[in-house]
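This is what each chain is made of:
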Amino acid sequence: MKQFLRFVVEWKTAAALSYTAAVVIYTVVSLALGGEAVSIRVLLSLLLICAVGSAVQYLCFTDHVLKSMRYTRRTLLFLALFFPLLAGTAWLFRWFPVEQAGAWLTFAASFAIAFMVFTLGFELFYRAAGRKYDGLLGQYRREKERRGE
């Protein structure tokens, strides 16, 4: 029960943060394109994506469910689960003219580019953080050796 409650708290936090970011991005893009109102359908679709997407992200990128899976496989699993969810939501809520193949190509290309940018950003962040912690660990070991421990 404790693990389930921890999942709920982590999921709720991730969903809330991603929903806030999605609404801010939607608002900025909408304003840039001359929009003056926010559609309830769009807000609901973003809520659905953020809620379910956060659960998929929790499944794929934590060790709580999948104990020993390589990062590359986790990323591929996330793509396999999240893109159909996103495409289904786009179709259901008519984010664009779903009858047009060009619109789907633009949608898929936009997703691929955004996914690559976010993946690269996380990779660079974690590499920098790893170097920082490696440096701190080296400093700790040198200090410990200096004291003769």
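The structure we're discussing is the one just above.
Draft legend 1. Just the overall build of the chain, in detail. Along its length, the chain carries 4 helices and 0 strands. Compactness check: the chain gives a C-alpha radius of gyration of 20 Å against a globular reference of 15 Å for 149 residues, more than 25% above the reference. Dimensions of the chain, computed from the C-alpha atoms along their principal axes, are close to 70 × 40 × 30 Å. With 149 residues in all, the chain has 23% of them scored as buried. Residue pairs at least 24 apart in sequence account for 51% of intrachain contacts in the chain once pairs closer than 6 positions are excluded. Accessible surface computed for the chain: about 11,100 Å², of which carbon and sulfur atoms make up 69%.

Draft legend 2. Quick peek at a nonpolar patch on the surface. Judged by side-chain polarity, Tyr71, Phe118, Phe122, Phe125 and Tyr126 come together as a nonpolar surface patch covering roughly 610 Å² of accessible area. The biggest single contributor to the nonpolar patch is helix H4 (residues 101–146), with 4 residues. The topology assignment puts Phe122 in helix H4. Phe122 sits in the partly exposed class, given a relative accessible area of 42%.

Draft legend 3. The arrangement of the environment of Phe107 in detail. Tracing the chain through its elements places Phe107 in helix H4. Sequence-distant contacts of Phe107, that is, excluding residues within four places in its chain, are made with Phe83, Leu86, Ala87, Ala90, Trp95 and Phe96.

Draft legend 4. Molecular detail of the pattern of salt bridges. Here the structure, examined in full by the defined rule, presents 3 salt bridges. A salt bridge links Arg6 to Glu10, with the nearest nitrogen and oxygen atoms 3.7 Å apart. Taken together, the residues Arg6 and Glu10, both in helix H1 (residues 2–32) and 4 residues apart, mark about one turn of the helix. A residue is classified by how much of its surface remains accessible, and Arg6, at 37% relative accessible area, is partly exposed. Among the salt bridges present, the one from Arg74 reaches Asp63, with a minimum N-O distance of 2.8 Å.

Draft legend 5. Here's a closer look at the nonpolar core. Counting 15 residues, the largest nonpolar core has Ile49, Phe78, Phe82, Leu86, Phe96, Phe107 and Phe111 as the members making the most contacts within it. Only helix H2 (40–61), helix H3 (71–92) and H4 provide two or more residues apiece to this core.

Draft legend 6. Expanded view of the packing of aromatic side chains. Enumeration over the complete set of coordinates arrives at 14 aromatic pairs. For the ring pair Phe111 and Phe115, a centre distance of 5.9 Å and an interplane angle of 20° mean the geometry is stacked. Linking Phe111 with Phe115, this pair stays in helix H4, spanning 4 residues, or about one helical turn. In this structure Phe111 comes out as buried when scored by relative accessible area, which is 14%. Each residue in the set Phe61, Tyr71, Phe78, Phe82, Phe83, Trp95, Phe96, Trp104, Phe107, Phe111 and Phe115 is aromatic and connected to the rest through ring pairs, giving one cluster.

Draft legend 7. Summary view of the packing of H2 against H3. Where H2 meets H3, the axes come as close as 10 Å, and the angle between the chain directions of the two elements is 165°. Between H2 and H3, the angle is such that the two are roughly antiparallel. Crossing of H2 against H3: the hand is right-handed. Along its contact with H2, which presents Arg41, Ser45, Leu48, Ile49, Val52, Gly53, Val56, Gln57, Leu59, Cys60 and Phe61, the element H3 presents Tyr71, Arg74, Thr75, Leu77, Phe78, Leu81, Phe82, Leu85, Leu86, Thr89 and Leu92. In the contact of H2 with H3, the residues fall into 15 nonpolar, 5 polar and 2 charged.

Conventions and cut-offs
Residues numbered from 1 in each chain as written. Predicted model: local features only at pLDDT ≥ 70, side-chain atom pairs only at ≥ 80, totals over all residues. Heavy atoms only, no water. Helix = DSSP H or I, 4+ residues; strand = E, 2+ residues; numbered from the N terminus. Rg over C-alpha atoms; globule rule 2.2 N^0.38 Å. Buried < 20%, exposed > 50% of the residue type's maximum accessible area, 1.4 Å probe, protein only. Contact = heavy atoms within 4.5 Å. Areas by Shrake-Rupley, 256 points an atom, 1.4 Å probe, with all protein chains shown as cover. Patch = residues over 30% accessible without salt bridge, like charges linked within 9 Å, V, L, I, M, F, W, Y side chains within 5 Å. Salt bridge = Lys/Arg side-chain N within 4 Å of Asp/Glu carboxyl O. Core = buried A, V, L, I, M, F, W, Y, C linked by side-chain atoms within 4.5 Å. Phe/Tyr/Trp six-rings, centres within 6.5 Å; stacked < 30°, edge-to-face > 60°. Axes fitted to C-alpha atoms, helices over the stretch in contact; angles between N-to-C directions. Parallel < 35°, antiparallel > 145°, perpendicular 65-115°, else oblique. Left-handed = near helix turned anticlockwise from the far one by under 90°. Nonpolar A, V, L, I, M, F, W, Y, C, P; charged D, E, K, R; others polar.

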